[in-house]
Amino acid sequence: MGANVTVNLGVEMTANSLSLWAPAKVNLYLEIVGDRPDGFHELSTIFQSIGLMDRVTVAVHSGPAKISVDCPHPLVPNDQTNLAYRAAELMVQAFPDAASRQSTIDIAIAKNTPVAAGLAGGSSNAAAVLVALNMLWELGLTHQALQDLAAKLGSDISFCVSGGTALATGRGEVLDPLPSVSDLWVVLGKYDNLSISTPWAYKRYRELFEGEYARDANTQTSRHDQVRSGAMVRLLSQLAQGSRDNLDKIRALLRNDLERAVLPDHNKIKTLRDCFQGQAPLGAMMSGSGPTVFGIAADGANAKLIQSAIRQYIPDPDLSLWTAPFIAQGVHLAPNTV
Ligand code: C5P
């Protein structure tokens, strides 16, 4: 937990800070089931946390009521449009008494996760701010209460609070935790100069496929039930129990409906996805709304081999590649917290 630090600035201020890891996610399965009355899409998706993580440090102290965000990444705004800022703002509104005691909130974000990449980097930063303020202000909120707050900010922030492996329905905020799969790896690839806007990807999907949408609640529920008792969830449960007998089946079970909207307009991503599929025997696809592509690897050494094979095929310096393990946690304390 945070330590009390006295800072002499003419007035005595009590500072209290925490550093948290904010992991990225991939979607192992993303089915767009249909329409929702709120204008969003009803999803059945399987989220998986990965060990590609930002470090988010939150400091609170008594002083003027002010939120600041400091992130040196050129694509990350340091103003109230940053989801981490909005998470702090939401906590101030929800807990005015705690906020009035320590009303200066400073957020520092060290980015490792690429931005606008389909990996929930910004969402995970926002989740970290909720978790940090819960601890720093000693609010005692449960994961469920934090997830309810998170859902007000964005569709995948609730998952980022708890992380691991989970089936999500609704907008993506209704979570059904699955047994954690933690001994697989991913190889990730993203062109630095290519970003995809999530609203654009869903809008494009609607333009192309609205005719296929399930509209009534019963049909949507039965789709969710089929996914919940379907082959991907069964395989992940087997993997979580340590059985790799059917691991090679994962290739055919990966699904991301948003590929149908994004890839036809972005040949570069499609070529990258095809290259990943050629090099990763366990399968590859786009994550979320893209443009990041990921391939599944059986272990860390295999992930490195796939990464260097892809690098040989695509020597373009604009292509960044990473490897990361599946992890069983969402936001969690970083070591050396002061
Ligand atoms: O909730 P979030 O801010 O991540 O969503 C970004 C955008 O993606 C939404 O404004 C909406 O256009 C689209 N979206 C959607 N259905 C979802 C999730 C997101 O249409 N389930």
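So, how was this worked out
- Residues numbered from 1 in each chain as written.
- Predicted model: local features only at pLDDT ≥ 70, side-chain atom pairs only at ≥ 80, totals over all residues.
- Heavy atoms only, no water.
- Helix = DSSP H or I, 4+ residues; strand = E, 2+ residues; numbered from the N terminus.
- Contact = heavy atoms within 4.5 Å.
- Axes fitted to C-alpha atoms, helices over the stretch in contact; angles between N-to-C directions.
- Parallel < 35°, antiparallel > 145°, perpendicular 65-115°, else oblique.
- Left-handed = near helix turned anticlockwise from the far one by under 90°.
- Nonpolar A, V, L, I, M, F, W, Y, C, P; charged D, E, K, R; others polar.
- Buried < 20%, exposed > 50% of the residue type's maximum accessible area, 1.4 Å probe, protein only.
- Phe/Tyr/Trp six-rings, centres within 6.5 Å; stacked < 30°, edge-to-face > 60°.
- Lys NZ or Arg CZ within 6 Å of the ring centre and 35° of its normal.
- Pairing = 2+ DSSP bridges.
- Near = heavy atom within 4 Å.
- Polar contact = N/O pair within 3.5 Å; in protein donor to acceptor, adjacent residues only side chain to side chain.
- Areas by Shrake-Rupley, 256 points an atom, 1.4 Å probe, with all protein chains shown as cover.
- Core = buried A, V, L, I, M, F, W, Y, C linked by side-chain atoms within 4.5 Å.

K.L.:
Just checking my understanding: could you explain the environment of Pro 335 for this structure?
P.N.:
Along the chain, Pro 335 turns up in the segment after strand 13 (332-333). In this structure, the C-alpha to C-alpha distance between Pro 335 and Pro 281, residues 54 residues apart in sequence, is 35 Å. Those residues within four positions of Pro 335 in sequence are excluded, and the remaining contacts are Trp 21 and Arg 55.

K.L.:
Can you walk me through the packing of helix 11 (residues 267-279) against helix 12 (residues 300-313) in this structure?
P.N.:
Helix-helix packing is described using two parameters, namely the angle between the two axes and the distance between the axes. Axis separation between helix 11 and helix 12 bottoms out at 10 Å; the angle between their running directions is 135°. Between helix 11 and helix 12, the crossing angle belongs to the class labelled oblique. Considering how the two elements wind past one another, helix 11 and helix 12 form a crossing that is right-handed. For the pair formed by helix 11 and helix 12, the contact residues are Cys 275, Phe 276 and Gln 279 on the first element and Ile 306, Ala 309, Ile 310 and Tyr 313 on the second. For the contact of helix 11 with helix 12, a count of residues per class yields six nonpolar, one polar and no charged.

K.L.:
How do you make sense of the environment of Asn 16 when you look at a structure like this?
P.N.:
Examined against the element boundaries, Asn 16 turns out to sit in strand 2 (residues 11-35). Residue Asn 16 is classed as buried on the basis of its relative accessible area of 12%.

K.L.:
How do you make sense of the packing of aromatic side chains when you look at a structure like this?
P.N.:
Between two aromatic rings, the relevant description is the distance of the centres plus the angle of the planes. This model, assessed by the stated rule, comprises three aromatic pairs. Consider the rings of Phe 47 and Phe 159, whose centres lie 4.6 Å apart with planes at 20°: the pair is stacked. Here Phe 159 lies in helix 5 (residues 157-162) and Phe 47 lies in strand 3 (residues 41-61), a separation of 112 residues in the sequence. For the residue pair Phe 47 and Phe 159, the accessibility class agrees, reading buried in each case. The interplanar angle of 15° and the centroid separation of 6.2 Å between the aromatic rings of Tyr 205 and Tyr 213 together place this pair among those described as stacked. Residue Tyr 205 shares its accessibility class with Tyr 213, and that shared class is buried. Grouped by ring-pair contacts, the aromatic residues Tyr 205, Phe 209 and Tyr 213 constitute a single cluster. For Arg 55, the ring lying beneath its charged end belongs to Trp 21, and the centroid distance is 5.4 Å. The ring of Phe 209 carries Arg 260 above its face, with NZ or CZ at 3.7 Å from the centroid.

K.L.:
Sorry, what's going on with the pairing of strand 7 (residues 174-178) here?
P.N.:
Side-chain positions along a regular strand alternate between the two faces of the sheet. The sheet contact formed by strand 6 (residues 165-169) and strand 7 spans five bridges and is antiparallel. Bridge assignment links Ala 166 to a residue of strand 7, and that residue is Pro 177. As consecutive antiparallel partners, strand 6 and strand 7 are separated by four residues, and within that stretch Gly 170 has a phi angle of approximately 70°, a positive value.

K.L.:
What is the right way to read the site of the ligand from this model?
P.N.:
Around the ligand sit Phe 40, His 41, Leu 43, Gly 154, Ser 155, Arg 171, Thr 198, Pro 199 and Tyr 202, and those are all the residues in its vicinity. Between the ligand and His 41 there is a distance of 2.8 Å, counted from an oxygen atom to a side-chain nitrogen or oxygen. Within the contact set of the ligand, an oxygen atom lies 2.6 Å away from a side-chain nitrogen or oxygen of Ser 155. For the ligand, whose accessible area on its own is 450 Å², the fraction buried by protein is 74%. Top contributing element to the shell around the ligand by residue count: helix 6 (residues 198-209), with three residues.

K.L.:
What is the right way to read the environment of Val 181 from this model?
P.N.:
Here Val 181 is to be found in the loop between strand 7 and strand 8 (185-191). The class for Val 181 is buried, based on a relative accessible area of 0%. Not counting the four nearest positions on each side in its chain, Val 181 is found in contact with Gln 48, Thr 165, Leu 236, Leu 239, Ala 240 and Phe 326.

K.L.:
Quick question: what am I supposed to make of the side chain of Glu 31 here?
P.N.:
As for its position among the elements, Glu 31 is in strand 2. What makes Glu 31 buried here is its relative accessible area of 4%. Excluding its chain neighbours within four sequence positions, the residues that come into contact with Glu 31 are Glu 42, Leu 43, Ser 44, Arg 223, Val 227, Arg 255 and Asp 257.

K.L.:
Explain the nonpolar core here, please?
P.N.:
Taken as a class, soluble globular proteins show a tendency for nonpolar side chains to be buried jointly. Val 56, Val 58, Ile 105, Ile 107, Val 129, Leu 133 and Trp 137 are the most contacted members of the largest nonpolar core, which totals 42 residues. Counting residues in each nonpolar core, the second largest holds 31 residues, with Leu 30, Tyr 191, Ala 261 and Leu 272 among its members.

Everything listed is a geometric property; what it means functionally is a separate question.
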